[in-house]
Amino acid sequence: MEASGGVVAPGAGVREGEKEREEARAAVRRGPRRNWVRPLLMTIAVVLICIFCLFPFYWLINVSLKTGSDLSQSDIFPPNPTLDNYDSIFKNDNFTSALKNSVIVTTVTTILALIVGSFAAYALARLRFKRKFLILALILSISTFPAIAIAAPMFKLWTDIGIYDTRIGLIIPYLTFALPLAIYILTSFFKEIPKELEEAALVDGATYFQAFRKVVLPLAAPGLVTAGLLTAFFVWNEFLLAVTLTSSPDAFTVPVSVANFTGSQKFEVPLGTISAASVVITIPLVLAVILFQKRIVAGMTAGAVKG
Amino acid sequence: MMKTPRLVAALVATAMLAIAGCGDDDDGGGAPEAEKATQAKASGNVTWCIGKDTTGAFGTVIDAFNKANPDANVKLLELPEDAGEQRRLQVQRLEAKSPECDVLGTDVIWTAEYAAQGWLLDVSDWISKNGDKFIPSTVDTTEYEGKNWAIPFNSNAGFIYYRTDEVDKAPETWEDLYKEAQSGNGVVYQGFRYEGLTVNFLELVYSAGGSVLSEDGKEATADSQEVKDALTFMADGIKDGAAPKAVTTYKEEESRRAFESGNATFMRNWPYAYALGKDSKIADNFDIATFPGFAGKEGAGVLGGYNLAISAYSKNPEGSLAFAEFATDPKQQALMATEASLPPTVTETYDDPAVKKAMPFAEELRTAIDQAQPRPVSPVYPQISEAIYNNVYAALQGDMSADEAASKMNEEIQKALETF
Amino acid sequence: MEAASVKLGRGRKKRGKTFGSEERRLAALLLTPAMAVIALVAAYPIGYAIWLSFNEYSVRTPGLSRWAGFKNYTEAFGSSEFWEAVKNTFIFTGLSVTLELAIGLGMAIAMHEAFKGRGLLRTVVLVPWAVLTVVSAITWRTLFEPNLGLAPQILDAIGIGGDVVWLGQEGYAMAVMILADVWKTAPFMALLLLAGLQVIPDDVYDAAKVDGATTWQRFRRITIPLLMPAILVALIFRTLDALRIFDLPYVLTGGSNGTTTLSLIAHQELTTNRLIGYGSALSVLTFIIVMAVSFIYIRTVGGNIRSLAEEG
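The text that follows walks through the structure, step by step, so that each part is easy to find. As the structure is a prediction and not an experimental result, all values here were calculated from the model.

All right, on to the overall build of chain A then. Looking only at helices and strands, one finds 13 helices and zero strands in chain A. When the helices and strands of chain A are read in sequence order from the N terminus, they spell out α-α-α-α-α-α-α-α-α-α-α-α-α. Taking all 307 residues of chain A together, the buried fraction comes to 58%. Accessible surface, chain A as shown: approximately 12800 Å² in total, 67% of it carbon and sulfur.

This paragraph deals with the state of the cysteines. This structure, assessed with the given rule, holds one disulfide over all chains. The disulfide partner of B:Cys49 is B:Cys101, and the gap between their sulfur atoms is 1.9 Å. In this structure the cystine formed by B:Cys49 and B:Cys101 twists about its S-S bond by roughly -90 degrees; its chirality is therefore left-handed. Taken as a pair, B:Cys49 in strand β1 (residues 44–51) and B:Cys101 in the loop between α3 (83–95) and β3 (103–107) lie far apart in primary sequence, 52 residues in all. Taken as a pair, B:Cys49 and B:Cys101 share a single burial class, namely buried. A:Cys50 takes part in no disulfide bond, and the closest cysteine sulfur, belonging to A:Cys53, lies 7.3 Å away.

Moving on, we come to the packing of helix α2 (residues 37–64) of chain A against helix α6 (residues 133–143) of chain C. At a closest axis distance of 10 Å, the pairing of α2(A) and α6(C) adopts a crossing angle of 85 degrees. With respect to each other, α2(A) and α6(C) are oriented roughly perpendicular. Touching A:Phe55, A:Pro56, A:Trp59 and A:Leu60 of α2(A) are C:Val135, C:Thr139, C:Trp140 and C:Leu143, all from α6(C). When the residues that make up the contact of α2(A) with α6(C) are grouped by side-chain class, the tally is seven nonpolar, one polar and no charged.

The next point concerns the sheet that holds β3(B). Residues and elements named next belong to chain B. The five strands lie next to each other as β2-β1-β3-β11-β6, forming an open sheet whose pairing is mixed. Whereas interior strands pair on both sides, the edge strands pair on one side only; in this sheet they are β2 (72–79) and β6 (151–156). Across the sheet, the mean angle from the axis of one strand to that of its neighbour is 20 degrees, orientation sign disregarded. Sitting on the sheet, α3 is in contact with β1, β2, β3 and β11 (304–310), with an inclination near 125 degrees to β2.

Cut-off values and rules
- Residues numbered from 1 in each chain as written.
- Chains lettered and ligands numbered in written order.
- Predicted model: local features only at pLDDT ≥ 70, side-chain atom pairs only at ≥ 80, totals over all residues.
- Heavy atoms only, no water.
- Helix = DSSP H or I, 4+ residues; strand = E, 2+ residues; numbered from the N terminus.
- Buried < 20%, exposed > 50% of the residue type's maximum accessible area, 1.4 Å probe, protein only.
- Areas by Shrake-Rupley, 256 points an atom, 1.4 Å probe, with all protein chains shown as cover.
- Disulfide = S-S within 2.5 Å.
- Axes fitted to C-alpha atoms, helices over the stretch in contact; angles between N-to-C directions.
- Parallel < 35°, antiparallel > 145°, perpendicular 65-115°, else oblique.
- Contact = heavy atoms within 4.5 Å.
- Nonpolar A, V, L, I, M, F, W, Y, C, P; charged D, E, K, R; others polar.
- Pairing = 2+ DSSP bridges.

As structure tokens, then:
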């Protein structure tokens with residue numbers, strides 16, 4: 001369903017006045033009567049969402065500040081708060097290497113997935129050729145094969161090729177498994193963009209790639225952000241292939257490193273250090289995403305379809 | 001035009017399938033004569049693949065070895081904490097015939113499996129020369145089909161922990177224990193549906209003089225009175241309130257936490273919980289004891305622990321053997337006992353005053369290990385264990401009667417023994 | 001206007017049914033990187049796993065294997081454990097995906113419309129996403145620990161569950177698993193849906209408002225239809241993931257009390273029991289089931305995917 005084929009303002013920065021217009025629009029949306037119901041509902045919704053998302057994370061912070069026998073209790077506030085756990089994870093060289101590896105692998109995989117995925121998505125969304133359905137089905141099916149069944153064959157293959165225990169050895173399978181989702185999201189976003197926009201740009205003398213870069217990409221920005229975030233999410237969390245295809249701090253990623261955390265005794269599950277590591281991982285991630293998201297949203301409103 | 005890339009991909013895939021298909025039917029049947037590791041020479045590179053050690057005691061042993069043997073270089077390859085993951089990652093390398101791991105830290109229950117697949121070097125000669133220094137039961141865990149396939153490294157045997165402020169002394173029979181638990185605060189153990197439940201269950205069965213597998217490992221013996229009695233006893237324990245219902249969600253840590261927070265009078269757990277308990281709020285109010293008897297027989301535990309095995313694909317078997325030998329030196333064993341609370345397998349270590357200080361229950365521990373029995377020895381042990389814990393769990397939850405559970409367990413074990 | 005004619009830089013080509021070969025070549029060029037990566041990396045291991053499922057590998061004798069044909073598959077079909085796993089997997093998928101869609105949609109709308117607190121929301125919603133899957137499973141396990149965990153106490157206070165041992169009882173264990181999954185992945189849905197919401201132009205709503213449409217009418221007649229593409233992508237991928245859930249049941253219950261899933265039994269047979277042939281067959285069956293579900297989606301609900309596949 002086409003969104004609308006109205007006036008286009010590609011690349012023309014209309015940021016000034018944008019804020020005023022949004023405010024006005026919001027006021028219209030609020031409506032003349034009952035203008036306290038909506039904000040109230042929204043506030044309640046915001047509060048509920050915050051509690052829902054944050055409580056278990058608060059619990060992690062709570063546990064990360066406990067050590068020793070406090071971990072055996074379920075106090076909602078740490079009785080003897082201590083930063084020992086944080087201290088010990090940063091002293092752990094494996095963890096810091098793992099952080100570095102995870103960041104590299106995630107970033108590279110995401111960028112590659114977006115590039116390769118965009119090309120494929122563009123072909124699927126815009127161009128005509130036979131057997132499109134088959135290709136879509138094939139791409140989709142690859143991502144659904146249970147990873148456990150291919151872990152051992154992949155280990156053997158990687159060892160033979162020589163990329164076992166390397167970062168590139170992780171990037172390649174991650175890219176493979178991230179592509180289907182990225183391609184699907186990007187394809188559906190590209191499809192939503194009215195063809196007339198590109199055609200208008202082409203009529204104005206732009207080359208094919210210029211049209212793609214200046215018209216399609218900015219409009220598909222939400223799709224790119226989404227595909228990028230979801231790829232990053234998958235790569236960051238992935239454990240099975242990471243632990244199968246790596247064996248040293250050269251290539252360990254964060255999930256592997258956390259799996260190697262130990263308590264002070266053999267059977268002890270190191271809740272304290274695991275929680276501290278989780279907190280440490282989450283905060284920069286969230287910060288990075290906020291920054292990233294803001295810039296894309298800004299770029300998007302600058303070139304968005306208004307009508 | 002579109003056809004070409006896909007066609008190429010299809011051809012490549014087919015070709016690879018064909019190649020993969022060719023490589024598999026190696027031996028017609030029967031285990032090949034396993035190679036022996038007899039010479040110990042401390043030189044060359046050795047990679048030790050074991051689950052990460054807690055306190056860095058493994059690192060200390062490695063450093064000591066490397067220093068004493070400048071020609072040798074031992075490196076630690078850490079595997080995840082979870083025993084299942086350790087095994088999977090070792091198995092994946094062994095199946096791929098990878099020389100990456102020279103010395104493997106193997107759980108005592110993996111010996112038969114690994115040996116049956118020809119993945120380990122025969123160390124019988126070394127054991128026959130040096131085996132006397134070990135507690136005999138630990139050497140039993142290295143045996144399969146009459147040969148020794150690993151060197152005992154550390155051991156483990158369970159204990160009954162009890163609150164000294166709630167009961168005067170440790171009960172002498174399981175029946176008494178459950179009775180006191182019922183009138184007291186309950187008994188907690190590992191009732192989650194996993195390997196730990198097999199251990200807890202077998203402790204009762206062995207205490208009753210029963211078994212689940214015949215000596216020769218060829219026949220299931222779970223459909224017996226002892227097994228049924230143990231099942232009834234455990235299930236009734238939950239029904240009558242001696243053990244809380246929550247016990248079916250407990251692994252080692254949960255039961256430890258329940259005991260430490262004062263929610264239980266008795267606990268069955270491994271020795272590791274002792275040191276942690278001494279750091280908790282019940283520090284002055286608990287003690288440990290070896291297992292009580294059941295059905296009029298002597299108490300018996302189940303052996304845990306890790307052995308050191310040498311991979312059949314190792315490029316340095318001599319260095320590996322030298323390192324394994326070093327790690328079982330009484331001095332290194334004492335180090336691991338004092339620094340990491342890992343129960344030694346070498347008998348004389350228990351007399352070391354430093355060890356006695358770090359583990360005040362050292363004497364009981366040695367006795368417990370001596371009296372403990374191994375779990376069923378079989379290359380299909382994982383399936384046997386699954387048959388056990390699935391059915392015991394069903395009985396504990398009240399989904400099956402003890403008789404049904406015993407006969408289903410027997411049936412499944414028998415089926416496992418007939419696996420191709 | 002054909003892209004092909006732009007590339008040539010000359011006049012217009014007639015819009016015809018014949019696909020220009022330039023267009024096909026361009027499509028091939030654009031698709032090749034993705035297809036190449038997928039084919040080369042995934043084809044061998046997947047092909048090998050499928051091949052393994054038609055054989056039996058001895059657990060007792062090294063190197064011994066024999067052709068098994070469909071034996072592993074018939075064994076699976078005859079196993080009550082397999083069918084129980086199928087049942088549990090579908091129950092889990094149905095309930096959790098529905099909940100995630102509803103909650104995710106709510107979160108997306110809130111993120112889209114809340115003028116104040118929008119930045120806060122977008123941050124907060126990312127938090128469950130950022131916590132490692134395994135760590136979140138462990139956290140939920142501790143939160144529901146009998147006696148010590150906070151969750152049973154809180155739930156009891158609001159009248160749910162009494163003194164039930166949550167993870168130790170059938171039905172309740174599944175509830176915890178669904179809760180943990182919804183917590184972790186409703187943000188996934190929310191992100192996808194938010195992106196979809198962001199491309200709906202406001203004037204469509206404003207026009208409807210002028211026409212006197214109520215909030216609910218605007219939601220039903222404008223939001224949902226325009227959001228359909230995003231909803232369908234979110235649904236398909238979430239369903240595919242939910243059908244293959246592994247971490248949660250493994251950590252929470254080990255598969256007991258009605259939480260055994262397909263991935264769990266495949267993992268058990270493949271890595272723990274080392275029944276490589278049987279385990280691979282279970283993996284292939286999981287794969288087939290997942291694919292069947294997605295094809296059913298595409299056929300019945302499928303406007304989006306089919307339209308993706310339609311010409312240009």
